[in-house]
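Here's the letter readout for the chains.
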Amino acid sequence: MIRKLLMVLLFCSFYTWGEELNPVPQGVVPLFSIPPQETPYDSVNIGYTITNTTFADTLENDVLNKPKEVYPFFVLGEVFGFNGFIWAWDRYVLDKSYARTGPKYWKRNFKEGWQWDHNHWAINFYGHPYQGATYYNFARGAGYGFYGSLLFAALGSYTWEMFAETEYPSINDLIATSIGGAVYGEVLYRLSRKLYGVDESPWYNQVGAFGMAHSAYLQRKMFGNRDVFTGNTPMDFSIFLGTGSHFGNIYRYGGRNEDDLDQRWDDKHVMYGAEIEYGKPFRKVKRPFDYFTLLTRGEVGPDGTLFQLDVTGKLTNAGVHGRGHWVDFATYLDYCTFYGDFATVGTISIGTGIDFSLWLLPKLRFRMYHQIYFILLGTTDMGYDDLIREVHPEYESDMDNYQYNMGAKYVLGVEVSIGKKFRFKNKMIVDVLHTIPGSLPHYGADGWDMLLMNYTSAEYDLTNKIALGGRFDTYAKVAAYSSEFFEPMSRGVFAYTLYFCYKLF
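Residues numbered from 1 in each chain as written. Predicted model: local features only at pLDDT ≥ 70, side-chain atom pairs only at ≥ 80, totals over all residues. Heavy atoms only, no water.

Asks: Would you mind showing me how to read the overall build of the protein chain here?
Replies: Counting its secondary structure elements, the protein chain contains 11 helices and 12 strands. Within the protein chain, counting contacts between residues at least 6 apart in sequence, those at least 24 apart form 71% of the total. Split by element, the accessible area of the protein chain, about 25200 Å² in all, is 65% carbon and sulfur. (Helix = DSSP H or I, 4+ residues; strand = E, 2+ residues; numbered from the N terminus. Contact = heavy atoms within 4.5 Å. Areas by Shrake-Rupley, 256 points an atom, 1.4 Å probe, with all protein chains shown as cover.)

Here it is as structure tokens:
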């Protein structure tokens, strides 16, 4: 590489020297001259970003004298100590019955093994991953990489499940805490490092960094910086707020429609959210999550609420790019949750995809990405309790009536940029899920679920920071279960929203 660079510099030097000795007569075109070309403004920016964000990738970690990781048994002690603190708080302060564990429960756990639990969905799929993120960041802040830190998160979850509760150890908790904890942990770690890239960062950045990844932050304060990551990765961060309405709702249960069941969801709602793109999609991924996207969005209305949190990170990739064009092949780890009155769905998935972008005209850019995933762990609720009771009054359920699934996910995204100010986006997500044998909840539903979500949006930049946007959303859920209670069911909701988007950076 160095030899090639020296040859290029030597050639340029001789060529420049030759021009000085033999100037080109006026009106004669030099042999090596390149005619001027107009390049799209955004393409110039992308080219500049490529040059300045990939240079660091050519450096070897050994050259940077990366500090060694903190001794692993010390990190394990922190993980186990954290478990002990949480258990003691639950047992002696909150006086929780599940914390009254002991040797007889430990013996039972080893003898009878693992089961599926149906605790509150938000605890299992938001609370446990956040707990796993704490385990993860004990290791991440101590200098371990993504996969090593994931192992510490799995050990923390395993010991909690086996020794800290009277409940049977839970398979779904182990998966959500370890893999979900690694996803949340890595994202929070990188956002935390973005805030306090250097020790001289303002105090409010330090507070924010601690709040996002407290265990990694404390590790750094105790042992110093144990990684070469400084938080200089480029990032786009936007927040949005708007209002709109749901309409055209469709409910069906077997052969009955919404008129028979007198069920509709028509209301005005407030929409809020934030979106992060960390890194650049054409950049070579040297470490997992060098590129990730995060979307959080909610709708609040008198008839129902929705909340969505999606995180997708690249694990590896390969591709080509230049002058604003790129083709990228990658593997992804994806953790998506959709929680609300319409449906409760969560997926932890691993997959692959292709992402390409082209400048079709100087002011027209087109991007498309396809991703297909295997769902390692999925969850779906019924969402049809009110409909079932109309037909089967004897049916009983509760708030934790979701089930566990495996399946497949497909994502198709299209983005079009016109000039410097107008953007059009469409993203479609399809989840196809089947109940995992042996994981049935109390009502015994077993079968297929499908969730389709399609988001169409258009934005126009009013200023460099503020954009006006409109979006049209489609939600559809279909279920086909084998049980005496359940006939084929479907539900659809449409929504439009007008919103303002503020670009923080």
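Asks: Looking at this structure, how should I read the pairing of strand E12 (residues 489-503)?
Replies: Within a regular strand, side chains alternate between the sheet's two faces. Where strand E1 (residues 235-253) and E12 come together, 14 bridges link them in antiparallel fashion. Counted as the bridge partner of arginine 252 is serine 490 from E12. Sheet topology places strand E11 (residues 466-481) next to E12; 14 bridges connect them, and they run antiparallel. Bridge assignment links alanine 479 to a residue of E12, and that residue is methionine 489. (Pairing = 2+ DSSP bridges.)

Asks: How should I be thinking about the packing of aromatic side chains in this particular structure?
Replies: Two descriptors summarise a pair of aromatic rings, namely the distance from one centre to the other and the angle between the planes of the rings. For the structure on display, the rule yields 39 aromatic pairs. Both rings, one in phenylalanine 74 and one in phenylalanine 223, keep their centres 5.2 Å apart while their planes meet at 90°; by these two values the pair is edge-to-face. Of this pair, phenylalanine 74 sits in helix H3 (residues 72-93) while phenylalanine 223 is found in helix H9 (residues 214-223), placing the two residues 149 residues apart along the sequence. Taking the relative accessible area as the measure of exposure, phenylalanine 223 reaches 24% and is therefore partly exposed. Both rings, one in phenylalanine 237 and one in phenylalanine 505, keep their centres 5.8 Å apart while their planes meet at 75°; by these two values the pair is edge-to-face. Taken together, the residues phenylalanine 237 in strand E1 and phenylalanine 505 in the segment after E12 connect sequence positions 268 residues apart. Residue phenylalanine 505 is classed as partly exposed on the basis of its relative accessible area of 45%. (Phe/Tyr/Trp six-rings, centres within 6.5 Å; stacked < 30°, edge-to-face > 60°. Buried < 20%, exposed > 50% of the residue type's maximum accessible area, 1.4 Å probe, protein only.)

Asks: I keep staring at the pattern of salt bridges and nothing clicks. Help me out?
Replies: Proximity of charged atoms lets side chains of opposite charge pair with each other. Taken as a whole and judged by the stated rule, the model has 17 salt bridges. Among the salt bridges present, the one from glutamate 186 reaches arginine 140, with a minimum N-O distance of 2.8 Å. Remark: arginine 140 occurs in helix H5 (residues 121-140) and glutamate 186 occurs in helix H7 (residues 171-195); sequence separation between them is 46 residues. Residue glutamate 186 is classed as buried on the basis of its relative accessible area of 0%. Arginine 140 sits in the buried class, given a relative accessible area of 8%. A salt bridge links arginine 190 to glutamate 186; the nearest nitrogen and oxygen atoms lie 2.7 Å apart. Of this pair, arginine 190 and glutamate 186 both sit in helix H7, four residues apart, which is roughly one turn of the helix. Under the relative-accessibility criterion, arginine 190 is labelled buried at 1%. Salt bridges sharing common partners tie together Arg140, Glu186, Arg190, Arg287 and Asp290. (Salt bridge = Lys/Arg side-chain N within 4 Å of Asp/Glu carboxyl O.)

Asks: For this particular structure, what's the right way to read the packing of helix H6 (residues 146-163) against H7?
Replies: Helix-helix packing is characterised by the crossing angle of the two axes and by the distance between the axes. The N-to-C vectors of H6 and H7 enclose an angle of 145°; their axes lie 9 Å apart at closest approach. For H6 against H7, the interelement crossing comes out right-handed. Of the residues in H7, those in contact with Phe146, Leu150, Ala153, Ala154, Ser157, Tyr158 and Glu161 of H6 are Asp173, Leu174, Thr177, Ser178, Ala182 and Glu186. In the contact of H6 with H7, the residues fall into seven nonpolar, three polar and three charged. (Axes fitted to C-alpha atoms, helices over the stretch in contact; angles between N-to-C directions. Left-handed = near helix turned anticlockwise from the far one by under 90°. Nonpolar A, V, L, I, M, F, W, Y, C, P; charged D, E, K, R; others polar.)

Asks: So what exactly am I meant to see when it comes to the confidence of the model for the protein chain here?
Replies: Low pLDDT marks regions whose predicted coordinates should not be analysed in detail. On average, the protein chain scores 83 in pLDDT, and the residues at 70 or more come to 81%. Low pLDDT (under 50) marks residues 1-64, which in the prediction has 31 contacts with non-local residues, meaning those over four places away or in another chain. (pLDDT = per-residue confidence, 0-100.)

Asks: I tried to follow H3 on my own but got confused; where do I start?
Replies: Each full turn of the α-helix corresponds to 3.6 residues, which orients residues three or four apart in the same direction. Its 22 residues give H3 an end-to-end C-alpha distance of 31 Å, which sits within 8% of 32 Å, the value for a rise of 1.5 Å per residue. Against the buried residues of H3 lie H5, H6 and H9. Positive phi appears at aspartate 95, one or two residues downstream of H3, with a value of about 55°. (Expected span 1.5 Å × (residues − 1).)

Asks: Is there a simple way to explain the side chain of serine 178 in this structure?
Replies: Here serine 178 shows up in helix H7. For serine 178, a relative accessible area of 7% puts it in the buried group. Looking at serine 178, its side chain comes within polar contact range of the main-chain oxygen of isoleucine 175, at 3.4 Å. In contact with serine 178, other than residues within four places in its own chain, are Leu150, Ala153 and Ala154. (Polar contact = N/O pair within 3.5 Å; in protein donor to acceptor, adjacent residues only side chain to side chain.)

Asks: Honestly, the side chain of aspartate 328 in this entry has me stumped. Any pointers?
Replies: With respect to the secondary-structure elements, aspartate 328 resides in strand E5 (residues 325-340). Only 2.7 Å separates the side chain of aspartate 328 from the side chain of asparagine 317, close enough to count as a polar contact. With residues up to four places along the chain from it excluded, the contact list for aspartate 328 reads Pro281, Lys314, Asn317, Ala318, Gly319, Gly353, Ile354 and Asp355.

Asks: Sorry if this is basic, but what is going on with the pairing of strand E7 (residues 364-380) here?
Replies: For strand E6 (residues 344-361) and E7, the ladder comprises 16 bridges, and the chain directions are antiparallel. Across the sheet, residue glycine 351 finds its bridge partner in E7, namely tyrosine 373. Hairpin remark: E6 followed by E7, antiparallel, with two residues in the connecting loop. Strand direction decides the pairing type here: E7 and strand E8 (residues 403-418), joined by 15 bridges, are antiparallel. Its bridge partner lying in E8, threonine 380 is registered against glutamine 403.

Asks: Explanation requested: the nonpolar core in the structure shown.
Replies: Most often, soluble globular proteins have nonpolar side chains that are buried together. Membership of the largest hydrophobic core comes to 43 residues, with the highest contact counts inside it found for Val75, Phe125, Tyr184, Phe289 and Phe292. A per-element tally of this core places H5 first, with eight residues. With 18 residues, the next largest nonpolar core counts Tyr373, Val411, Ile429 and Leu451 among its residues. (Core = buried A, V, L, I, M, F, W, Y, C linked by side-chain atoms within 4.5 Å.)

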